[in-house]
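# Summary of the model geometry
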Amino acid sequence: QVQLVESGGGLVQFGGSLRLSCVASGSRFGLYLLGWFRQTPGSQRELVATINSHSATTYGDSVKGRFTISRDNTMSTAYLQMNSLKPEDTSVYYCYAYEASSGQAHWGQGTQVTVSS
C-alpha cells in the first residue's frame, strides 16, 4: 500500500509563493505517475499538474505559467512550486500517485492552501 503525505500548505498573501511537498512510501516511486489536484467545498476535484516517470508534465489551464511540478526520485518526493498565488487558488491540495503496473491510484490526506487578497 502506497502512502502519500503532503506538507507545505498554509496562509499566504496575494502574489506570494508556496511549495508543497508529497513524500511517498513504496519501492517503485520512480515508476509512478504523480499529480496534484485541488478541491474546494461543493466543487469537483480539479487537476492542477501531473508528472510522469519521464518527467513530462501537464498543467491545468488556470495554473499554467505560475505553478511548477517536479519530482525527486531519490527522495521519493513530489513538489508543487506555486508562484503568483491568487485568492482563487485557495483550496485543499491533494497529492496523487498512479501505479500502472497494478492499476491502483493513491491519494494523500490533503493540505490547505489559503491566499488572502
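To start, this report covers the structure provided alongside it. (Residues numbered from 1 in each chain as written. Predicted model: local features only at pLDDT ≥ 70, side-chain atom pairs only at ≥ 80, totals over all residues. Heavy atoms only, no water.)

## Observations concerning the packing of aromatic side chains
What the rule picks out here adds up to four aromatic pairs. Here the guanidinium or amino end of R45 rests over the ring plane of Y94, the centre of that ring lying 3.8 Å away. Across from the ring centre of W107, 4.5 Å away, lies the NZ or CZ of R45, which sits over that ring. (Phe/Tyr/Trp six-rings, centres within 6.5 Å; stacked < 30°, edge-to-face > 60°. Lys NZ or Arg CZ within 6 Å of the ring centre and 35° of its normal.)

## Observations concerning the side chain of R66
Assignment of secondary structure puts R66 in the loop between strand 6 (57-59) and strand 7 (67-72). In this structure R66 comes out as buried when scored by relative accessible area, which is 11%. There is a polar contact of 2.8 Å between the side chain of R66 and the backbone oxygen of S62. Of the polar contacts made by the side chain of R66, one reaches the side chain of D89; its length is 2.7 Å. (Helix = DSSP H or I, 4+ residues; strand = E, 2+ residues; numbered from the N terminus. Buried < 20%, exposed > 50% of the residue type's maximum accessible area, 1.4 Å probe, protein only. Polar contact = N/O pair within 3.5 Å; in protein donor to acceptor, adjacent residues only side chain to side chain.)

## Quick notes on the nonpolar core
W36, V48, F67, L80, M82 and Y93 are the most contacted members of the largest nonpolar core, which has 26 residues in total. The set of elements that each furnish at least two residues to this core consists of strand 3 (18-24), strand 4 (33-39), strand 5 (46-51), strand 7, strand 8 (77-82), strand 9 (91-99) and strand 11 (111-116). The leading source of residues in this core is strand 3, at four residues. When residues no more than four places from it in sequence are discounted, the contact partners of Y93 are E6, L20, W36, F37, R38, V48, F67, L80, M82, G110, T111 and V113. (Core = buried A, V, L, I, M, F, W, Y, C linked by side-chain atoms within 4.5 Å. Contact = heavy atoms within 4.5 Å.)

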